[in-house]
Amino acid sequence: MWRLPRALCVHAAKTSKLPGPWSRPAAFMSTLLINQPQYAWLKELGLREENEGVYNGSWGGRGEIPAPKRGEIVRQIGDALREKIQVLGSLVSLEMGKILVEGVGEVQEYVDICDYAVGLSRMIGGPILPSERPGHALIEQWNPVGLVGIITAFNFPVAVYGWNNAIALVCGNVCLWKGAPTTSLISVAVTKIIAKVLEDNKLPGAICSLTCGGADIGTAMAKDERVNLLSFTGSTQVGKQVALMVQERFGRSLLELGGNNAIIGKAVLSFLFSVHIFYNRHPEYMELFVHESIHDEVVNRLKKAYAQIRVGNPWDSNILYGPLHTKQAVSMFLGAVEEAKKEGGTVVYGGKVMDRPGNYVEPTIVTGLGHDASIAHTETFAPILYVFKFKNEEEVFAWNNEVKQGLSSSIFTKDLGRIFRWLGPKGSDCGIVNVNIPTSGAEIGGAFGGEKHTGGGRESGSDAWKQYMRRSTCTINYSKDLPLAQGIKFQ
């Protein structure tokens, strides 16, 4: 039983009927992963049969510890994650389904953003602005917002929390995290690592609290006025509901919602190398727009490349393609394939569930759809690539931008003019716009997020830290006079 923060989840905590470990039969306890020899390594992460939460009854970030000191604590969190990177990456692979190298890479993202945040802790600040009044100074002062609620999705169960948590901490805030219900072990393990660092520094582990649960917990966080900023990662549909609930109380929200990523290419040989893995994550390559002169050749090469994808246990270092996250994801995959056929598409590769234990489906290629087919504009978290023909640049740029989401897009080209048109005001309208690389693999130094129905929020690097702080414009009069702005004088 996960212990829920009682102030936000009083009803859930009081009405829970789950028995404690002392009342559970030995046969039940032996079925828990942690008690099975092949998963004994889970104990290295501090996991137990029962994992109590950390919450001391009150929250409130006031920035009383100087920012560089906060940065030092975040540095230690990064070091603690480094020490556990392999075992924590294994847990990501086990519970979420990513191949092992990606699970480890996701923990590395958290480590990297900790390093970034350490430097940021000595650079947070606003400008000194020129005042129009003699003997006056005009400055910007940045202070923590207080409590940052962080709701993350299954597809990045470590990294997205890390982007938010590391920056929120150096900005002087405290955090309340609700991870995805299907990746609870990851959430508990990460929280235990952070809590130990905080407690070793004689700070309460509750600075970074965790709650595990479903939509009822998320709703409580969205509606609670004590949550000064709510960072939500999830679907566009749920994100709209979250935004409305937070806005109703005039709170702040940071939304990182759905994506429907597209790659455009005429010089596409490099792209063929990049499309070798499909993920359970964002649909990294959902739409591929290929010039009509090479469309058939590219599709044939893709089919040959897909036939060589090594499928299997995500812990195996030779495997490039693991299972989908849940049975529900398999159902969504099958539904998307059938919908694509109904809308006029042809499945030229894959399209079926694999005959093997687990949530394995075939990587799939669909051709022949219209560019405005509704299924191609729907985020499914499934390994389906929709391939389209285009005639010219103007046409394909418009197709890229007609999708309601605006997370990431990429173009493969050697034409310098086309590159800058793609990056300019008439080019891609996404938050991440790449050239000659795929749509995945964003670095932590840049702000991560998208436009339109992706929500407009920005996490991680650049000036994303400003969303975790409140700004005050301050005028200081150090003269003996009391002049008004705009030269106003009362006679």
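Placed above this text is the structure.
A brief structural summary.

Rules used in this analysis
Residues numbered from 1 in each chain as written. Predicted model: local features only at pLDDT ≥ 70, side-chain atom pairs only at ≥ 80, totals over all residues. Heavy atoms only, no water. Core = buried A, V, L, I, M, F, W, Y, C linked by side-chain atoms within 4.5 Å. Buried < 20%, exposed > 50% of the residue type's maximum accessible area, 1.4 Å probe, protein only. Helix = DSSP H or I, 4+ residues; strand = E, 2+ residues; numbered from the N terminus. Domains from an automatic or database assignment. Contact = heavy atoms within 4.5 Å. Pairing = 2+ DSSP bridges. Axes fitted to C-alpha atoms, helices over the stretch in contact; angles between N-to-C directions. Phe/Tyr/Trp six-rings, centres within 6.5 Å; stacked < 30°, edge-to-face > 60°. Lys NZ or Arg CZ within 6 Å of the ring centre and 35° of its normal. Right-handed = clockwise from strand over helix to strand, strands pointing away. Parallel < 35°, antiparallel > 145°, perpendicular 65-115°, else oblique. Left-handed = near helix turned anticlockwise from the far one by under 90°.

### A closer look at the nonpolar core
Part 1 of the argument: Ile77, Leu88, Leu91, Tyr110, Tyr161 and Val190 are the most contacted members of the largest nonpolar core, which totals 80 residues.
Part 2 of the argument: Element by element, the count of residues in this core is highest for helix H6 (residues 159–170), at nine residues.
Part 3 of the argument: Two domains each donate at least three residues to this core, and these are domain 1 (47–257 + 457–471) and domain 2 (261–444).
Part 4 of the argument: Setting aside chain neighbours within four positions, we find Tyr110 in contact with Ile77, Leu81, Val158, Tyr161, Gly162, Asn165, Val190 and Ile194.

### Some thoughts on the sheet that holds strand E5 (residues 208–211)
Part 1 of the argument: Taken in spatial order, the five strands line up as E5-E4-E3-E6-E7 in an open sheet, and their pairing is parallel. Of all the strands in the sheet, the pair left with one neighbour each is E5 and strand E7 (252–256). Averaged over all adjacent pairs, the angle separating strand axes in this sheet is 15°, with direction ignored.
Part 2 of the argument: As paired strands, strand E3 (residues 147–151) and strand E6 (residues 229–233) are joined by four bridges and run parallel to one another. Across the sheet, Ile150 pairs through a bridge with Ser231, a residue of E6.
Part 3 of the argument: Each of E3, strand E4 (174–178), E5, E6 and E7 is contacted by H6, which is oriented at about 165° to E4, the strand it contacts most.

### Focus: the packing of aromatic side chains
Part 1 of the argument: Inspection of every chain in the model, using the stated rule, returns 11 aromatic pairs.
Part 2 of the argument: Relative to Tyr161, the ring of Tyr110 has its centre 6.2 Å away and its plane inclined at 85°; by these criteria the two rings are edge-to-face. A residue pair is termed long-range when its members are at least 10 positions apart, and Tyr110 in helix H5 (residues 100–120) and Tyr161 in helix H6 qualify at 51 residues. For the pair shown, Tyr110 and Tyr161 are each scored as buried.
Part 3 of the argument: Ring geometry for Tyr306 versus Tyr349: centroids 5.8 Å apart, planes at 85°, classification edge-to-face. Placement of Tyr306 in helix H11 (residues 295–307) and of Tyr349 in strand E10 (residues 346–349) is noted, with a sequence separation of 43 residues between them.
Part 4 of the argument: Given the relative accessible area of 2%, Tyr306 is considered buried.
Part 5 of the argument: Aromatic rings pair up to connect Tyr39, Trp41 and Trp315 into one cluster.
Part 6 of the argument: Positioned above the aromatic ring of Phe156, the side-chain terminus of Lys98 is 3.8 Å from the ring centre.

### Quick notes on the pairing of strand E15 (residues 432–435)
Part 1 of the argument: Burial of E15 is one-sided: the residues Ile432 and Asn434 facing one way are buried, the residues Val433 and Val435 facing the other way are not.
Part 2 of the argument: In this structure, strand E14 (residues 408–412) lies alongside E15, joined through four bridges in parallel fashion. Within E15, the position partnered with Ser409 by the bridge is Val433.
Part 3 of the argument: Between the parallel elements E14 and E15, the chain passes through helix H14 (residues 416–423) in a crossover that is right-handed.

### Describing the packing of helix H3 (residues 67–83) against helix H7 (residues 184–200)
Part 1 of the argument: Axis separation between H3 and H7 bottoms out at 9 Å; the angle between their running directions is 135°. Taken together, the axis directions place H3 and H7 in an arrangement best described as oblique. As H3 runs across H7, the sense of the crossing is right-handed. Each of Ile73, Gln76, Ile77, Ala80 and Leu81 in H3 lies in contact with H7, whose residues at this interface are Ile193, Ile194, Val197 and Leu198.

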